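Each chain, written out:
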Amino acid sequence: MEAQALRKRGWSISAIARHLGRSRPTIRAYLNGERVPGQRRRSGADPFEPYAEYCRLRLDAESGDPHVWATTLFDELAGLGYAGGYSTFTRALRARGLRPVCERCAHAGGPVEYVRIEHPPGVETQWDWLELPDPPARWGWGKGAHLLVGTLPYSGIWRGVLAESEDQPHLIEALRAVGERLGGVSAEWRFDRMATVCDPGSGEVSASFAAVARHYGVIVRICPSRRGWRKGSVEKANHVAAQRWWRTVGEELSPGQAQGTLDEWCRRRGDIRIRRIDGGRVSVAELARREALRPLPAQAFPAVLEVERVVSAQALVSFRGNFYSVPPGHAGEVMGVRHRLGSGVLEVVTAGGAVLAAHERAVDHAGVVIEAAGHVAALEAKVLAARARLGGGGPCPHKTRRPLSPAARAEADRLRGTGVGAAAAPVADFAAYAAAARPLTPGSSVPDARP
C-alpha cells in the first residue's frame, strides 16, 4: 500500500526500495501486480496436488463421505504415499474448498461447559456398547453390529471387540477379550445403566453379573441416571471408533478381518496420540505402561454363549467363521450353537435342548470345516439311497425324440377348429345364391334382387 502511494507521488522504484528496505525487483513486482500481498510463491512442487482428486472423491456429497474426519483421510493418504504433515494437509483441504458445507451440522450446538475428573492410573476402566449400523451383508448380523469398547481414562488407551449381540454372555466374553488387549484388569469397572449389568431403574448390580465381578475381583460402578458424561472417556473412544474405523470398513471384510483392522489401527494410530501430563508431552502408549493393572484370571468366567443358526443343505452350521457338521435330515431348520466360555467344546442343540452334535471348537474365523465321521457317512448314505430310489442312473435323458401323443393332437385340432368336436360352418346353396345375385350383364331380365 505504501509503495503504491509513493509511486503515485512520482517516486522512482529505487527510491521506494531504499525507503521501504526492500529490493527493487520486489517493489517492481508488487507495483506491476505480479505478486499479491499475503500469498507466497511456492518454490517447489505442491506435495498435495497428486492427492487432490482422491480427496475430492472421498469428500464428495453424492458418491463419497463428506463427514469423514480429516485425521482418517490423512491416514489414508499416508498409506498412499503422502509425505506432508497433518497441518499442511488440512490447510490444503481448506484452500481448495474440498469439504462441502453441511448446513445441518453447522447449526448443531454442543455443551457450553465441561467438567474435568481426575483418574489415577489403574483404578478405573470405562465400558460401553457402540451400536454400528449397516454391517456388511456377508456377516449375516442383520441391521446392526455391536462393539464393546473399554478405555482406561488415565492414559486414554482403549480397545474394542466386535460382538453379534449385546446379551450377557456376549458381554462377558467381550469383557475378557478387551481386557486381554488392554493388558489386565483395573480395580473398578464403570458402566452405564445397561440391563445386562444392573437394574436400569435402581442401578443395583444384578446377581448374575455380581458373580462375574467376583470372578475378576473388580468393583462395579454404575453411572448416575442421565449422567453419561461421567464416562466421557469411553464416549470419546466410541466417537473415534465410529468415525475413524467403522466408516472405512469395506464390504468385502469378514468379522475377523474387521476386528484385525481395528486392533491394528489402535496400535498404529490410537496409541501414538500425544497427551500433556504435568507440563510434558507423552504418548498414550507410554502412559499405558504406568497403569497398574492386575493380570486376568487364568480361566474365563464360565458363561454359556448360545446363538441361532440355520442348517445348510450340506448339514453344516456356521459359527465365528467356521462350519460344524450335524446329522443329516435337518436342512433348513434353526438350531442353537452353544459354547461354554473357557471350554474347547461347541454343541449344536435343538429348540428343545437336545444335543445333536458336539465338536472341538476351532480358532475363530479360521475358515475350516469340522465334520464328524459319522455325520459324513450318514449324509453320503442318505444321498446315495435317494439316488437309488430315483433310478440310480443319473438324470433323465434330454435328447430323446418324443412326438405328440394322439390325445395332444386331438386337443390341438380342437383348438384350431378342425377337430371332431368343432362346430360345422353353415354351407350356402349355389342355386339360391345365383338367383339372388345381381346379373352381371346390363339389360338382363333378371330382376334387380339383393341378397
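Note: the structure precedes this text.
Rules used throughout
- Residues numbered from 1 in each chain as written.
- Predicted model: local features only at pLDDT ≥ 70, side-chain atom pairs only at ≥ 80, totals over all residues.
- Heavy atoms only, no water.
- Salt bridge = Lys/Arg side-chain N within 4 Å of Asp/Glu carboxyl O.
- Helix = DSSP H or I, 4+ residues; strand = E, 2+ residues; numbered from the N terminus.
- Buried < 20%, exposed > 50% of the residue type's maximum accessible area, 1.4 Å probe, protein only.
- Axes fitted to C-alpha atoms, helices over the stretch in contact; angles between N-to-C directions.
- Parallel < 35°, antiparallel > 145°, perpendicular 65-115°, else oblique.
- Left-handed = near helix turned anticlockwise from the far one by under 90°.
- Contact = heavy atoms within 4.5 Å.
- Nonpolar A, V, L, I, M, F, W, Y, C, P; charged D, E, K, R; others polar.
- Arc of directions from axis to C-beta.
- Pairing = 2+ DSSP bridges.
- Patch = residues over 30% accessible without salt bridge, like charges linked within 9 Å, V, L, I, M, F, W, Y side chains within 5 Å.
- Areas by Shrake-Rupley, 256 points an atom, 1.4 Å probe, with all protein chains shown as cover.
- Lys, Arg positive; Asp, Glu negative; His and termini not counted.
- Charge placed at Lys NZ, Arg CZ, Asp CG, Glu CD.

**Q** In this structure, what is going on with the pattern of salt bridges? I would like to understand it.
**A** Think of it this way: side chains of opposite charge can pair up when their charged atoms draw near. Inspection of the entire model under this criterion finds 26 salt bridges. Put simply, R269 and D75 hold a salt bridge, and the shortest N to O gap is 3.2 Å. Here the residue R269 occupies a position in the loop between α11 (255–268) and β6 (274–277), and D75 occupies one in helix α5 (residues 70–80), the gap between them amounting to 194 residues. Owing to a relative accessible area of 15%, D75 belongs among the buried residues under this scheme. Between D364 and R320 there is a salt bridge; the shortest N-O distance is 3.4 Å. Of the two residues, D364 sits in the loop between β13 (355–360) and β14 (369–370) while R320 sits in the loop between β9 (316–319) and β10 (322–325), which places them 44 residues apart along the sequence. D364 gets classed as partly exposed once you look at its relative accessible area, which sits at 29%. Salt bridges sharing common partners tie together D128, D192, K231 and E235.

**Q** How should I be thinking about unusual backbone geometry in this particular structure?
**A** Positioned with a positive phi, D134 is a non-glycine residue whose angle comes to about 55 degrees. Backbone geometry places A315, a non-glycine residue, at a positive phi of 60 degrees. As for its placement among the helices and strands, A315 is situated in the loop between β8 (304–310) and β9. Given a relative accessible area of 7%, A315 falls into the buried group.

**Q** Would you take a moment to explain the packing of helix α8 (residues 168–182) against helix α9 (residues 207–216) for this structure?
**A** Two numbers describe a pair of packed helices, the interaxial angle and the distance between the axes. Contact geometry for α8 and α9: axes closest at 11 Å, N-to-C directions at 15 degrees. One way to sum up the angle between α8 and α9 is to call them roughly parallel. Taken as a pair, α8 and α9 cross one another with a handedness that is right-handed. Contacts between α8 and α9 involve Q168, L171, I172, L175 and R176 on the former and, on the latter, S208, F209, V212 and Y216. Per-class residue counts for the contact of α8 with α9 are six nonpolar, two polar and one charged.

**Q** I keep staring at α9 and nothing clicks. Help me out?
**A** Residues spaced three or four apart along an α-helix point in a common direction, a consequence of the helix completing one turn every 3.6 residues. Within the sequence span of α9, burial applies to F209, V212, A213 and Y216. Around the axis of α9, the buried residues are gathered within 100 degrees of arc, so they sit on the same side. Facing away from the buried side of α9, by more than 90 degrees, are the exposed residues A207 and R214. Looking at the packing, one finds that the buried side of α9 touches α8, β4 (188–191) and β5 (219–222).

**Q** Any chance you could explain the environment of P328 here in plain terms?
**A** Position of P328 relative to the elements: it lies in the loop between β10 and β11 (334–340). Taking the C-alpha atoms as reference, P328 lies 9.6 Å from V383; in sequence the two are 55 residues apart. If we skip the residues at most four places from it in the chain, P328 touches A315, H375, A378, L379 and K382.

**Q** Looking at this structure, how should I read the sheet that holds strand β2 (residues 144–151)?
**A** Strand pairing within a sheet occurs via backbone hydrogen bonds; the two strands may be parallel or antiparallel. Overall, mixed pairing links the five strands, which are arranged β3-β2-β1-β4-β5 in an open sheet. With one partner strand each, in any of the chains shown, β3 (158–163) and β5 form the two edges of the open sheet. Strand after strand, the sheet turns through a mean of 25 degrees between neighbouring axes, direction not considered. In terms of strand pairing, strand β1 (residues 124–133) meets β2 through eight bridges, oriented antiparallel. The partner of W127 across the bridge, within β2, is G150.

**Q** It is not clear to me how the sheet that holds β13 should be interpreted in this structure. Could you clarify?
**A** The antiparallel open sheet is built from four strands, whose spatial order is β8-β11-β12-β13. Looking at strand neighbours, the two that pair on one side only are β8 and β13, the edges of this open sheet. Strand-to-strand twist of the sheet, defined as the mean angle between neighbouring strand axes without regard to direction, takes the value 25 degrees. Here β8 runs beside β11; their pairing, made up of seven bridges, is antiparallel. Paired with E308 across the two strands is G336, which belongs to β11.

**Q** Help me out: how do you make sense of the environment of I277 in this one?
**A** Note that I277 resides in strand β6. Note: C-alpha distance between I277 and L287 (10 residues apart in sequence) is 9.3 Å. Every residue in contact with I277, bar those within four places of it in the chain, is listed here: V282 and L287.

**Q** Help me out: how do you make sense of a positive patch on the surface in this one?
**A** Residues R7, R18, R24 and R28 make up a contiguous surface patch of positive charge. Within the element layout of this structure, R18 appears in helix α2 (residues 13–20).

**Q** Would you mind showing me how to read the packing of α2 against helix α3 (residues 24–31) here?
**A** Close contact between α2 and α3 brings their axes to 9 Å; oriented N to C, the two are set at 110 degrees. Of the possible angle classes, the one that applies to α2 and α3 is roughly perpendicular. For the element pair α2 and α3, the recorded crossing hand is right-handed. Every residue of α3 that contacts α2 at I13, S14, I16, A17 and L20 is listed here: R24, I27, R28 and L31.

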